[in-house]
Amino acid sequence: MIVFEDVSKIYHIGDAEVHALDHASINIEDGEFVSIVGPSGSGKSTMMNIIGCLDVADSGRYLLDGMPIEDYSESELAKIRSKKIGFIFQNFNLIGNLTAEENVELPMIYQKVPREERKKRVEEALERVQLGARKKHKPNELSGGQQQRVAIARAIASRPSLFLADEPTGNLDSATGKEIMKLFHELHEQGNTIVLITHDESVAEQASRSIHILDGKVLDDAGTFAGRKKVRL
Ligand SMILES: Nc1ncnc2c1ncn2[C@@H]1O[C@H](COP(=O)(O)OP(=O)(O)O)[C@@H](O)[C@H]1O
Ligand SMILES: [Mg+2]
């Protein structure tokens, strides 16, 4: 479903070149729960942005559902970004002056989901993350973990099949992080694909498989939960 073949991405800062991704090859199947793990600056967010069609590679190929990304039209890509993929970020990216339910509803307004259907999905999604009782609260009236659950509900409501999460537990204490990870496990059990990006090995190893990345290079794209390959960074 997600295939990188020798993907490179180079940033130019003045005369210097940063190889954010350096001939990276990965293969993620439908329904997998994969973590992409590496230290700060290793290229994880660059990889997520390309997977999420928010950025494009400088060289190499990205095949999504068997088709090279450049063969999709702009409107198809927009649809993939808004409907197929649920994005979850470290900083939650909620809109501060909207309530939890309004935050969850907003993307569906852009997607032109009919009002009644929207309201139904908002209810369901907030129940799903156990925040039904907090739907009238604004982000600053919620804890970090609750805000992240609103962000996950917002992703769920659009019914994506792929959840792309960049350091989703990075701003949370470990107990709250575990609750968030439990939600990802539940979403995985329901058949969704989960790609979790983290610098934290203890978070990464909760996925069924880890892809290690260092200096833009993929170190390990093998091993299942049963036979994990450990790569020392
Ligand atoms: N927009 C950008 N302009 C210049 N350099 C960038 C940009 N984005 C990322 N980089 C550089 O690319 C490398 C990989 O960054 P990133 O993908 O954000 O890593 P990570 O998410 O693993 O911390 C880093 O050296 C970073 O400084
Ligand atoms: Mg990052």
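Computed from a predicted model, the values in this text were never measured in an experiment. Going along each chain's sequence as written, the residues are numbered from 1 onward. Ligands are numbered from 1 and chains lettered from A, in the order in which they are written. At least 70 in pLDDT is required for a residue's local features to be given in this predicted model, at least 80 for side-chain atom pairs to be given and counted, and no such filter applies to totals for whole chains, interfaces and linings, which use all residues. The side-chain quantities take in all heavy atoms of the structure and omit both hydrogens and water.

(A) Here's a closer look at the overall build of the chain. Scanning the chain from N- to C-terminus turns up seven helices and ten strands. Computed over its C-alpha atoms, the radius of gyration of the chain comes to 18 Å, within 12% of the 17 Å expected for a compact globule of 233 residues. For the chain, the C-alpha atoms occupy an extent of roughly 45 × 40 × 40 Å along the three principal directions. Throughout, a contact is declared for two residues whenever any of their heavy atoms are within 4.5 Å. Of the contacts formed within the chain by residues at least 6 apart in sequence, a portion of 69% connects residues at least 24 apart. Only DSSP runs of H or I with at least four residues qualify as helices, and only runs of E with at least two residues qualify as strands; both kinds are numbered from the N terminus onward. The globule rule is 2.2 Å times the number of residues to the power 0.38, and the radius of gyration it is compared with is taken over C-alpha atoms.

(B) Broad picture of the pairing of strand E7 (residues 162-166). Within E7, five of the five residues are buried, which leaves the element mostly enclosed by the surrounding structure. Of the two faces of E7, the one carrying Leu162, Leu164 and Asp166 and the one carrying Phe163 and Ala165 are both buried. Sheet analysis places strand E6 (residues 85-89) next to E7, joined by five bridges and oriented parallel. Bridge pairing in E7 links Ile85 to Leu162. In the sheet, E7 pairs with strand E8 (residues 193-198) via five bridges, with the strands oriented parallel. By the bridge assignment, Leu162 is partnered in E8 with Thr193. The cut-offs for exposure are 20% and 50% of the maximum accessible area for each residue type, with area from a 1.4 Å probe on protein chains only; residues under the lower value are buried, those over the upper are exposed, and the others partly exposed. When DSSP finds at least two bridges between two strands, those strands are taken to pair.

(C) View of the site of ligand 1. By nearness alone, every residue bordering ligand 1 is listed as Tyr11, Ile13, Val18, Ala20, Pro39, Ser40, Gly41, Ser42, Gly43, Lys44, Ser45 and Thr46. Think of a polar contact as two N or O atoms within 3.5 Å of one another; within protein, one of them needs to be a possible hydrogen donor and the other a possible acceptor, and neighboring residues in sequence only count if both atoms come from side chains. Between ligand 1 and the protein, one listed contact pairs an oxygen atom with a side-chain N or O atom of Ser45 at 2.9 Å. Shrake-Rupley sampling with a 1.4 Å probe provides the accessible areas, and residues are treated as covered by the protein chains on show and by no other component. Summarising the interface, the protein chains cover 61% of the accessible area of ligand 1, which totals 560 Å² for the free molecule. For the shell around ligand 1, the secondary-structure elements that each account for two or more residues are strand E1 (2-13), strand E2 (16-28) and helix H1 (44-51). The biggest single contributor to the shell around ligand 1 is H1, with three residues. Under the convention adopted here, Pro, Cys and the residues Ala, Val, Leu, Ile, Met, Phe, Trp and Tyr are nonpolar, Asp, Glu, Lys and Arg are charged, and Gly plus all remaining residues are polar. Its residues assigned to classes, the shell around ligand 1 shows five nonpolar, six polar and one charged. Being near a molecule or strand, for a residue, comes down to having at least one heavy atom within 4 Å of it.

(D) Region of interest: the pairing of strand E4 (residues 59-64). The pairing of E1 with E4 spans five bridges and is classified as antiparallel. When the sheet's bridge partners are listed, Phe4 is paired in E4 with Tyr62. Here E4 pairs with strand E5 (residues 67-68) via two bridges, running antiparallel. Bridged to Leu63 within E5 is Pro68. Linking E4 back to E5 in an antiparallel pair, the connection comprises two residues, with Asp65 at a positive phi of about 50°.

(E) Spotlight on H1. The buried count for H1 comes to six of eight residues, which makes it a mostly enclosed element. Residues of H1 that are buried include every one of Lys44, Thr46, Met47, Met48, Ile50 and Ile51, and no others. One or two steps after H1, the chain reaches Cys53, where phi turns positive at roughly 60°.

(F) Examining the confidence of the model for the chain more closely. For the chain, the mean per-residue pLDDT works out to 92, and 94% of the residues sit at or above 70. The quantity known as pLDDT measures the predictor's confidence residue by residue, on a range of 0 to 100. Here residues 223-232 is modelled with pLDDT under 50, and outside its nearest four sequence neighbours on either side it reaches 19 contacts, counting other chains as well.

(G) Summary view of the pattern of salt bridges. By convention in these notes, a salt bridge is any Lys or Arg side-chain nitrogen within 4 Å of a carboxyl oxygen on Asp or Glu. Considering all chains together, one arrives at 18 salt bridges under this definition. Notably, a salt bridge pairs Glu186 with Arg128, separated by 3.2 Å at the nearest N-O pair. In this pair, Glu186 sits in helix H6 (residues 174-189) while Arg128 sits in helix H4 (residues 115-128), placing the two residues 58 residues apart along the sequence. Several salt bridges converge on common partners, so that one network encompasses Glu117, Lys120, Arg121, Glu124 and Arg159.

(H) Looking closely at the sheet that holds E4. Within the open sheet, the four strands sit side by side as E2-E1-E4-E5. Their pairing is antiparallel. Every other strand in the sheet has two partners, leaving E2 and E5 as the edge strands with one partner each. Strand contacts of H1: E1, E2 and E4, with the helix running at about 120° to E1, the strand carrying the most contacts. Angular values range over 0 to 180 degrees, each being the angle between N-to-C directions of two axes fitted as lines to C-alpha atoms, with helices fitted over their stretch in contact.

(I) Expanded view of unusual backbone geometry. Not every positive phi belongs to a glycine, and Asp6 is a case in point at roughly 55°. Tracing the backbone shows Asp6 in strand E1. One non-glycine residue, Asp65, lies in positive phi territory at about 50°. Residue classification places Asp65 among the partly exposed residues on the basis of a relative accessible area of 40%.

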